[in-house]
Amino acid sequence: MTTPSDTQSLILSRAAIRPGNLALPLPEGLVGAAAKMVVGKMIARGWLEEVEANLRRSEPMWRETGDGHGTTLIATEAGLEAIGIEPVVASAVVNARKAKPKPEPVQMPDAAAKPVAIRAGTKQAQIIAMLQRTEGAAVAEMVEATGWLAHTVRGSISGALKRKLGLPITAEKVDGRGTVYRIVR
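The rules we used
Residues numbered from 1 in each chain as written. Predicted model: local features only at pLDDT ≥ 70, side-chain atom pairs only at ≥ 80, totals over all residues. Heavy atoms only, no water. Helix = DSSP H or I, 4+ residues; strand = E, 2+ residues; numbered from the N terminus. Expected span 1.5 Å × (residues − 1). Buried < 20%, exposed > 50% of the residue type's maximum accessible area, 1.4 Å probe, protein only. Arc of directions from axis to C-beta. Contact = heavy atoms within 4.5 Å. Axes fitted to C-alpha atoms, helices over the stretch in contact; angles between N-to-C directions. Parallel < 35°, antiparallel > 145°, perpendicular 65-115°, else oblique. Nonpolar A, V, L, I, M, F, W, Y, C, P; charged D, E, K, R; others polar. Polar contact = N/O pair within 3.5 Å; in protein donor to acceptor, adjacent residues only side chain to side chain.

Caption draft 1: Seen up close, helix H1 (residues 6-17). The end-to-end C-alpha separation of H1 is 17 Å, in line with the 16 Å expected for 12 residues at 1.5 Å each. Regarding H1, the residues found buried are Gln8, Ile11, Leu12, Ala15 and Ala16. Down the axis, H1 shows its buried residues gathered within 135 degrees of arc, on one side only. The elements touched by buried residues of H1 are helix H2 (32-44), strand S1 (48-52), strand S3 (70-75) and helix H3 (77-82).

In structure tokens, the structure reads:
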């Protein structure tokens, strides 16, 4: 596997902490032909993907398509893996962008969007991996795996995973297991 350059690593690292893995804006000073060359190589390697920009969300545009639409750049699962983010966590973050968007809450004009990050090897990454299994995970199972209390696990699911990361998580009662949570695919 090819190792990303310093500039490519910087672009991917910043994308990993932005909502939806947006790779834009590019680092300061990377403009014009140099930007096209770097981005072109990253797209060719499968690290970045050009997708239609959601102008309602004010997503930054990479280029205009000529028909009144524009495209933006997002980091792919392969791109996140190239900088050391675990595949399970990378796929959860990438899949969150593909999930049906929820209606956006009304924000105050000066409210800044906070970037989110998932570090490999963390308890949050463990929980995401457990929720991605076909059988999902019960609170008791996540408590045992992380060492957290039950209320901390439930709070992490509703706060960090659902609200901050926007992961589509379902809950259902299962006889013998209690409430089982899953990431919807």
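We are not done yet, so read on.
Caption draft 2: Looking closely at the packing of H1 against H2. In contact at an axis separation of 11 Å, H1 and H2 are set at 70 degrees when each is read in the N-to-C sense. In terms of axis orientation, H1 runs roughly perpendicular to H2. Side by side, H1 and H2 meet where Thr7, Gln8, Ile11 and Leu12 of the first sit next to Val38, Lys41 and Met42 of the second. Residue composition of the contact of H1 with H2, grouped by class: 4 nonpolar, 2 polar and 1 charged.

Caption draft 3: Examining unusual backbone geometry more closely. Cis rather than trans, the peptide bond between Leu24 and Pro25 has omega equal to 0 degrees. One can find Pro25 in the loop between H1 and H2.

Caption draft 4: Local environment of the side chain of Thr72. Among the secondary structure elements, Thr72 is positioned in strand S3. Owing to a relative accessible area of 0%, Thr72 belongs among the buried residues under this scheme. Within the structure, Thr72 has its side chain in polar contact with the backbone oxygen of Pro60 (distance 2.8 Å).

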